[in-house]
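The primary structure of each chain is shown beneath.
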Amino acid sequence: IMNCKKIKNSSAGFSLIETLLYSAILVIFLGFSYTLLNSFVKISNQSRSSIEVSDEANFILSKMNYALNQASRISFPATNTSSTLALEVIDYNNNINRFDVSGNNIFFSKNGVGTTVLNSSTTIISFFSVENNYHNDSRALALKINFTVKKKLAGIQFGELASTTISTTYVLQN
């Protein structure tokens, strides 16, 4: 007698429909994850650039503040129509601290020696102006300094700018 074994149809594994369904769910999940990650990177780059712009503006302001606090005399350019705007601050030791804005950069020099660019190579300084007037109708000289610091964003969104505009008034005591 022959031993007949019944051959079972094995149902182990996935059917084609199940595989396609799981693949579609995976594609939707990966698409959502990519969109979320892309948004996170963009926001992170914008936040980092905004912080860097604020840090650079604060650094420039602190340099000016230090020089202005030591000032015994301030010299302005004859006109603001030249390609370079300069602000000279002469301290009590007759050292000349000079701030020059030329192109997209702000330069600092002391006694005409060792000119230093105060902003980074990816930062643009624009709309720099210095106005002199008297503070609250007193005889104390007040300087109103305005400038804008802009930085190009790195990463996915090239060409966008993070920027901050600084407007501050220094009152110089006689």
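Basis of the calculations
Residues numbered from 1 in each chain as written. Predicted model: local features only at pLDDT ≥ 70, side-chain atom pairs only at ≥ 80, totals over all residues. Heavy atoms only, no water. Helix = DSSP H or I, 4+ residues; strand = E, 2+ residues; numbered from the N terminus. Buried < 20%, exposed > 50% of the residue type's maximum accessible area, 1.4 Å probe, protein only. Areas by Shrake-Rupley, 256 points an atom, 1.4 Å probe, with all protein chains shown as cover. Salt bridge = Lys/Arg side-chain N within 4 Å of Asp/Glu carboxyl O. Phe/Tyr/Trp six-rings, centres within 6.5 Å; stacked < 30°, edge-to-face > 60°. Lys NZ or Arg CZ within 6 Å of the ring centre and 35° of its normal. Core = buried A, V, L, I, M, F, W, Y, C linked by side-chain atoms within 4.5 Å. Contact = heavy atoms within 4.5 Å. pLDDT = per-residue confidence, 0-100. Patch = residues over 30% accessible without salt bridge, like charges linked within 9 Å, V, L, I, M, F, W, Y side chains within 5 Å. Pairing = 2+ DSSP bridges.

Q: Looking at this model, I keep getting lost on the overall build of the protein. Mind explaining?
A: Summing up its helical and strand segments, the protein has one helix and eight strands in all. For the protein, buried positions account for 28% of its 174 residues. Within the structure as shown, the protein displays about 12,100 Å² of accessible surface, and the carbon and sulfur contribution to it stands at 57%.

Q: Got a minute to help me understand the pattern of salt bridges in this structure?
A: A pair can form between side chains of opposite charge whenever their charged atoms are brought close. Inspection of the entire model under this criterion finds three salt bridges. Among the salt bridges present, the one from Glu52 reaches Lys151, with a minimum N-O distance of 3.2 Å. Taken together, the positions of Glu52 in helix 1 (residues 16-69) and Lys151 in strand 7 (residues 141-152) put the pair 99 residues apart, joining distant regions of the chain. Residue classification places Glu52 among the partly exposed residues on the basis of a relative accessible area of 28%. One network of salt bridges, with partners in common, ties together Glu88, Arg98 and Asp100.

Q: Looking at this structure, how should I read the packing of aromatic side chains?
A: Aromatic ring pairs are defined here through the distance separating the ring centres and the angle between the ring planes. Scanning all chains against the criterion turns up two aromatic pairs. Relative to Phe108, the ring of Phe99 has its centre 5.1 Å away and its plane inclined at 45 degrees; by these criteria the two rings are tilted. As far as the burial class goes, Phe99 and Phe108 line up, both buried. Ring geometry for Phe128 and Phe147: centres 6.0 Å apart, planes at 35 degrees, overall tilted. Of the two residues, Phe128 is situated in strand 6 (residues 123-134) and Phe147 in strand 7; the sequence distance between them amounts to 19 residues. Across the pair, Phe147 and Phe128 agree in class, each one buried. A cation over an aromatic ring shows up here: Lys63 above the ring of Phe108, its NZ or CZ 4.8 Å from the ring centre.

Q: Honestly, the nonpolar core in this entry has me stumped. Any pointers?
A: Burial of nonpolar side chains together is a common tendency in soluble globular proteins. Judged by nonpolar contacts, the single largest core of 27 residues is most densely connected at Met64, Leu68, Ile106, Phe128, Ile145 and Phe147. By residue number, the principal contributor to this core is helix 1, which donates seven residues. Leave out the neighbours within four places in its chain, and Leu68 touches Ile74, Val89, Leu143, Ile145, Tyr170 and Leu172.

Q: Which parts of the structure should I look at to understand the confidence of the model for the protein?
A: In low-pLDDT regions, the fine details of the predicted coordinates are not to be read closely. With 77% of its residues at a pLDDT of 70 or more, the protein shows a mean pLDDT of 79. Of the regions scoring below 50 in pLDDT, residues 78-83 engages in four contacts with residues more than four places distant in sequence or in other chains.

Q: Would you explain a nonpolar patch on the surface in this entry?
A: Among the surface-exposed residues, Phe14, Leu21, Tyr22 and Ile25 lie close enough to one another that they form a single nonpolar patch of about 470 Å² accessible area. With respect to the helices, strands and loops of the structure, Phe14 is situated in the segment before helix 1.

Q: Looking at this structure, how should I read the pairing of strand 4 (residues 105-110)?
A: Each regular strand shows side chains that alternate between the opposite faces of the sheet. For strand 3 (residues 96-102) and strand 4, the ladder comprises six bridges, and the chain directions are antiparallel. Note on strand 4: the bridge partner recorded for Val101 is Ile106. Hairpin connection of strand 3 to strand 4: two residues between the antiparallel strands, including Gly103 at a positive phi of 65 degrees. As judged from the three bridges shared by strand 4 and strand 5 (residues 113-117), these two strands associate in the antiparallel manner.

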